[in-house]
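# Reading the structure
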Amino acid sequence: MSGVLYWIIPFLLFPLTASRSLTTNSNESISSPRILLPQNAPYFRRDTNSTALNNITSNITSGSDKVIWIIQDTYNATNFFDSFSFFTGDDPTHGTVTYVDKATAFADNLSYISWDDKVIMKGDDTSTLQAGQNRASVRVSSNAIYNTGLFLLDINRAPWGCGVWPAFWTLGNGTWPATGEIDIIEGVHDNEHNQVTWHTSAGCNLTPAVNNSYTGTIVEQNNQPYLDCEGSGTLPGCGVIEWSQASYGPTFDAQGGGIFAMKWDQDGISVWNFYRVAIPKDILEGIPDPANWPNPTATLEPAGCNPIEFFQNHSIIFDITFCGDWAGNSYATSGCPGTCPNRLMDPTNFVNASWSINWLKVYRRQSVVGVVNAGVHSPLMRLPMLLGMATVAAISLVIL
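These lines cover the structure that appears in this document, whether it is placed above or below. On a predicted model such as this, the values are computed, not experimentally measured, just so you know.

## Section: the state of the cysteines
For the structure on display, the rule yields four disulfides. At a sulfur-sulfur separation of 2.0 Å, the disulfide partner of Cys204 is Cys305. Its S-S torsion of approximately -105 degrees makes the covalent link between Cys204 and Cys305 left-handed. Of the two residues, Cys204 sits in the loop between strand 12 (195–199) and strand 13 (217–218) while Cys305 sits in the loop between strand 19 (298–300) and strand 20 (314–322), which places them 101 residues apart along the sequence. Of the two residues, Cys204 and Cys305, both sit in the buried class. Here the disulfide map of the protein chain reads 1-7, 2-5, 3-4, 6-8, the bonded cysteines being numbered as they appear in the sequence.

Dropping the structure here:
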């Protein structure tokens, strides 16, 4: 009897338990460090919804490897124009444009925060110009520099119109294109399809989609997909055109805009476009998880182009230019009236040449590994077990 009690009582008092912990892995690459993040860590709760994060950690099982994205920077009406610098140099794309400084942009109503907290940047739509005269506009670059990340832009409208050439893009420092360029939103005139483009030094190539791994169509030259991403000299880089007729231009604006996302990490560079009515719930909750999203519009695979080697030290850029290398050279076949220089003279042609931004967020990648460890590990958690064992021993002695 005493022997049976000695072995049964500990199990009645202290059933076997398992604790979940997250551990680091020394083999993780520098661009994606792994961290120790216990489920109740304050670091989790600081930036995101705790219920959703509990869902993330509860789904990390023994031996699993999960990527999470942690907020790094948020730009909105409270800080946007303090976090971006105004470019005032000559347009590298030879547009018929004068980029103005911050003071001029605000004085001339080309940049401002609207009454409902939207970030507005626009081209001049009030000045009548003489032939050959430049139209004023805005180009801004983030003060922060990034090497990889998840970039989410929530916009109500993007610029469009005959002769208009806007872009939302990232650009590496140094001599172009040695550290790469990623064009996330770009188009001209009244186009309906957004174009994603990469410009790099020699040696970077776009890989055709396999099993619909991305949904866009590769830009062609001579009726063949053009895969070389080199942008040196007059080389065009490589690009993918979105399939949707509402990914750029008047239809995109008319349906309320949406969110563009660009993920840049060791797994490649991908771009998504979500209409307002189809934004993933995880983005709205502040815990974006690209692994759960539909296939992207465009992807630059690491098999053809190392995303860490060819893209470095990028700032975020918004601009609106007019005519120039793309909009000017394509004007005659665009279906737009007259010529691009003549179009530029009338300000009423540019009432749609404006950005309306709700926010821009940048997340950084972290990888975590889930491990299930049997038993209880902390000294404080072992104390009740030790006391229980002493009690069992005492009971056993009395029975004996």
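## Quick word on the layout of surface pockets
The computed volume of the largest pocket comes to approximately 790 Å³. Along its surface, the largest pocket is lined by 35 residues, and Thr93, Trp165, Trp176, Glu181 and His199 are the ones closest to its centre. Broken down by secondary-structure element, the contributors of at least two residues to the lining of the largest pocket are strand 10 (164–172), strand 11 (181–186), strand 12, strand 14 (220–221), strand 16 (238–241), strand 20 and helix 8 (324–328). Residue composition of the lining of the largest pocket, grouped by class: 13 nonpolar, 14 polar and eight charged.

## Structural notes on the sheet that holds strand 8 (residues 139–142)
Read from one edge to the other, the open sheet built from eight strands follows the order 3-8-20-10-11-12-16-13, with strand pairing classed as antiparallel. Single-partner strands in this sheet number two, and they are strand 3 (84–86) and strand 13. Relative to strand 20, strand 8 runs antiparallel, the two being bridged by three bridges. By the bridge assignment for strand 20, Ser141 is matched with Ile317.

Conventions adopted
- Residues numbered from 1 in each chain as written.
- Predicted model: local features only at pLDDT ≥ 70, side-chain atom pairs only at ≥ 80, totals over all residues.
- Heavy atoms only, no water.
- Disulfide = S-S within 2.5 Å.
- Helix = DSSP H or I, 4+ residues; strand = E, 2+ residues; numbered from the N terminus.
- Buried < 20%, exposed > 50% of the residue type's maximum accessible area, 1.4 Å probe, protein only.
- 1 Å grid on protein atoms, 1.4 Å probe; cavity = no way out; pocket = protein on both sides within 12 Å on 5 of 7 lines; lining within 4 Å.
- Points joined across faces, edges and corners; volume = space filled by probe spheres on them.
- Nonpolar A, V, L, I, M, F, W, Y, C, P; charged D, E, K, R; others polar.
- Pairing = 2+ DSSP bridges.

None of this, on its own, says anything about what the molecule does.
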